[in-house]
Structure formats: C-alpha cells, structure tokens
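Per-entry structural report
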Amino acid sequence: MPFVAGISLSSLLPGSPIHVNVLSHGDASFNHSFVQAISDDLQSTFENLCSTFTAKQDYVALSLPSFFTETEKDAVFSATKAAGLTVNRTLNHVRTGHWMFRAQDHSEQNELVLDVGLNRAAAQLMTTEVDEGIRFSDVSKDFIVNVAGDITLAMLTTQLVDPAVAWLKATPTTSGADLKRILIVNSSPGAVPQLVEELRSRFKALPIEVVAEPKLSHCAASIALECYKYSIQPHTNLLISNVVPLRVGIAKADGFVLTLLRRNCTLPSQRSAVLTTSTDNQTSVTVRIVVGVSPRNKDNTIIAELVLDGLEPRPKGVPHIRVTLDVEHLGQTHIVAEEVTEGAVSTVRESVTLDDITGNHGTITVC
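As the structure is a prediction and not an experimental result, all values here were calculated from the model. (Residues numbered from 1 in each chain as written. Predicted model: local features only at pLDDT ≥ 70, side-chain atom pairs only at ≥ 80, totals over all residues. Heavy atoms only, no water.)

**Focus: the packing of aromatic side chains**
Note the following rule: Geometry of aromatic contacts follows a simple scheme: Phe, Tyr and Trp rings, the Trp one being its six-membered ring, pair when their centres are within 6.5 Å, and the pair is stacked under 30 degrees between planes, edge-to-face over 60, tilted otherwise. Partly exposed describes any residue whose relative accessible area lies between the buried limit of under 20% and the exposed limit of over 50%, with all areas from a 1.4 Å probe on protein chains only and scaled to the type maximum.
According to the stated counting rule, one finds three aromatic pairs in the structure shown. With a centroid separation of 6.3 Å and 65 degrees between ring planes, the pair formed by Phe 67 and Phe 68 is classed as edge-to-face. In this pair, the class of Phe 67 matches that of Phe 68, namely buried.

**Notes on helix H6 (residues 213-231)**
To be explicit about the condition: Under the DSSP-based scheme used, a helix requires at least four consecutive residues in state H or I and a strand at least two consecutive residues in state E, with every element numbered from the N terminus. Here, expected helix span is obtained from the residue count minus one, scaled by 1.5 Å.
With 19 residues, H6 should cover 27 Å at 1.5 Å per step; its first-to-last C-alpha distance of 27 Å lies within 8% of that length. Those residues of H6 that sit buried are Glu 213, Leu 216, Ser 217, Cys 219, Ala 220, Ala 221, Ser 222, Ile 223, Ala 224, Leu 225, Cys 227 and Tyr 228.

**Details of the packing of helix H4 (residues 153-170) against helix H5 (residues 192-202)**
As a reminder, the rule being used: To get an axis, fit a line to the C-alpha atoms, keeping to the stretch in contact for a helix; angles then go from 0 to 180 degrees between the N-to-C directions. These descriptions rest on fixed angle ranges, namely under 35 degrees for roughly parallel, over 145 for roughly antiparallel, 65 to 115 for roughly perpendicular, and the rest for oblique. Crossing handedness is defined as follows: a turn of the near helix away from the far one that is anticlockwise and smaller than a right angle gives a left-handed crossing, while the clockwise case is right-handed. Throughout, a residue-residue contact means that at least one pair of heavy atoms, one from each residue, lies within 4.5 Å. Here the nonpolar group is Ala, Val, Leu, Ile, Met, Phe, Trp, Tyr, Cys and Pro; Asp, Glu, Lys and Arg are the charged ones; every other residue, Gly included, is treated as polar.
Across the interface, H4 lies against H5 with an axial gap of 10 Å and an inter-helix angle of 50 degrees. As the angle between them shows, H4 and H5 are arranged oblique. The crossing of H4 and H5 is right-handed. The residues of H5 that touch H4, namely those facing Leu 153, Leu 156, Thr 157, Val 161 and Asp 162, are Gln 194, Leu 195, Glu 198, Leu 199 and Arg 202. Here the contact of H4 with H5 is composed, by residue class, of five nonpolar, two polar and three charged.

**Concerning the pattern of salt bridges**
For clarity, the threshold we go by: What makes a salt bridge here is a side-chain nitrogen of Lys or Arg within 4 Å of a carboxyl oxygen of Asp or Glu, nothing more.
For the coordinates displayed, the defined rule picks out twelve salt bridges. For the salt bridge of Arg 181 with Glu 111, the shortest nitrogen-to-oxygen distance reads 2.5 Å. Placement of the pair is Arg 181 in strand S9 (residues 181-186) and Glu 111 in strand S6 (residues 109-116), with a sequence separation of 70 residues. The exposure classification of Arg 181 matches that of Glu 111, with both residues buried. Of the charged contacts, one joins Asp 162 and Arg 202 as a salt bridge, the two residues approaching to 2.7 Å between their closest N and O atoms. Here Asp 162, found in helix H4, pairs with Arg 202, found in helix H5; they are 40 residues apart in sequence, far enough to count as distant. Among the charged side chains, a network of salt bridges with common partners joins Arg 322, Glu 338 and Arg 349.

**Here we look at the nonpolar core**
Spelled out, the test is: The criterion is simple. A nonpolar core is a set of buried Ala, Val, Leu, Ile, Met, Phe, Trp, Tyr and Cys residues joined through side-chain atoms within 4.5 Å.
Grouped together as the largest cluster of nonpolar side chains are 27 residues, with contacts concentrated most on Val 248, Val 287, Ile 289, Leu 306 and Ile 335. Of all the secondary structure elements, the ones that give two or more residues to this core are strand S11 (247-251), strand S12 (257-261), strand S14 (284-292), strand S15 (301-309), strand S16 (321-327), strand S17 (333-339) and strand S18 (349-354). Once residues lying within four places of it in the same chain are set aside, the contact partners of Val 287 are Ile 250, Ala 304, Glu 305, Leu 306, Val 323 and Ala 337. Leu 112, Val 116, Ala 121 and Leu 195 belong to the second-largest nonpolar core, a separate cluster that totals 24 residues.

As structure tokens, this is what we get:
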C-alpha cells in the first residue's frame, strides 16, 4: 500500500518540533501523525525520523518557514539526503497554508499571509486570478522581519501588516487595492493571539484565519498525495500547449491596464475589447498594447502602438474603437484597431503583426 508523508519544521533550534503526517493512497481512512524534536545534530534527527516510519514513503513533501535563509534550507536538504530521506517537493509555510483555502473561495482576491516564528516573521501578499474557471495564485510582494529577541505585536503590525496594506493601496493588483482575507501561519504561538485580536479590531469585516503548525504537516501530506496520484497516472495522451508568458493588455487613460490575455493563457487565442475616447472632439486615438505583470501602465512594456487618425470629432464616450488581439499557436501576433460604427464599414483602421507575443515586429499596415 503506497504511503506519502508531509513534514513541517518551525525552526532548526534543538528542541523545536518536527510535525509529520502520513497518508495512504490505498486507504483513504489512514491518517497517522507524530511529533519529533530536533536534536543537536540535524542529520541524526532525520535518521531517527526515518526509523519511525513503519513503511517506505513513496512521496514526501517538506514545508519550511518562509523566512528561512538559503543556508538554512541547504542544511535541511543536506541532512535529509544524508539520512536517506528523499524529499520530492519543498514548499514554504505561506504556500502550504494558502493551499488549504484553494477550494474555499474561487474568486479574484488579495490575501496577506503571515508566517510568524520565534524571532523572525515573513509576510507574502498573494494575488489570486481566475480565468475560465482556473485559479492562479502568485506572490505580489514579500516582507521579512528579523529581530534579536522575541517577535512582538508592534513589530508584526508596523513591519509586516502596515507596509503590505500601504503597498497594495499604492500598487493595486489585478484583484484591486483591498485585502479580502488575512491568513496567519502559526509557527510559534508567541504573539499570534494578540495579533489576531489586533487585526480583528482593525479589519472588522475581514476574515482572519489561523493555520496551526500541525495542520501544515497534514496539508503538506495532502499535497504529497495529490502529487503522487498524478505521478502514477498514465500520460500517453499528454498535450503540450504554448502559453502567453505575461499578461497582455491595453494601456488605458486612467493609468491602468485593461487585460486582454491573462498570464499562462494557452495559444492560439483571440480577444477583443471596445474602447472609447477620453476627451471631447478627439480626431486621433493612440492604442498601446503592453505586456507585464503589473496592473499599472508604467510598470509594463509597450509592444505595439497603433495610431488612429481621421476620427470624426464627437463628444467623449461616443466613438467606439475595437481592438482585436489574435495570437497564433507559435506566438505570431496580429493586432487590429479600428473605429466601428453601427451599420457602416470601418474607414479608420490600423493593424500590426508581431513575430511573437513579446513584441518583435513584423509588418505594420494602415488603411
């Protein structure tokens, strides 16, 4: 019967707990968990952990604190390898904790995830997009706190929460400029109860969720189980598709991007949008196509600029300008901007062809 394990560490200090959860692919009711303390020698710690397993683990997922340095991560990897423990996937606590809520709320949102340890803490601002029913989550901003003593409530609010909220207000994501939820990964119980109370008083309408450390190992084990199930499935009919590496959109007059193609959108793909003028009596319109990850125009790269001249002067909001983006399977991109009038053939039109979606130019046609 295949077994998988999820392992969660809170720190590398001797006496710190390692939480372990074992699940079975063959028996959905099987769920075994235990805790082991870190000894003075990290390798012997993992050797003892391996001896505790009653059977071979077919897949192991390891969850580490988000504030771990590369040196600390390397120490863990070296110790597990020397102990004969094969780690198939490594995650940080923010990603592990966030994964728990993936099926709860399938909407676009910004979430702040805090990982609180004894004398260190980290926060990641997670942005979730939903495109055609598929959920994509990415890290928009990282924040780290390192102190000589214990983490305090003031440090968590002034160095993690406040900067994250301020950054989001100044740099809105595709999910807006407001938080929809705060998650706290509780690696250390120190300041967390006070932090929860403080956050609930400040963000009264905002859900505040706490993920205790034992849940992290169970979540890591659940991830390991999903990965193992996928690894043993036959993939003889695997289809490899090209995707758009970055968001592609139109730079709007308000400074933000209107998304036409989301990141990782499969090719070929075609999208259209209808825009209008921003001032009265405009006779010319410039359409800028941009690629990037930011919702702000200035943080993206312009890959095409189409100028429509000869528009009939009209009040703002009356003219209709249709922009069509057509990307072929291998990335060649055709962009058309045209004035559309009900019952009439477009007389003002410009098109551009790019060799690929990143912006290498082919030909430009004005008609």
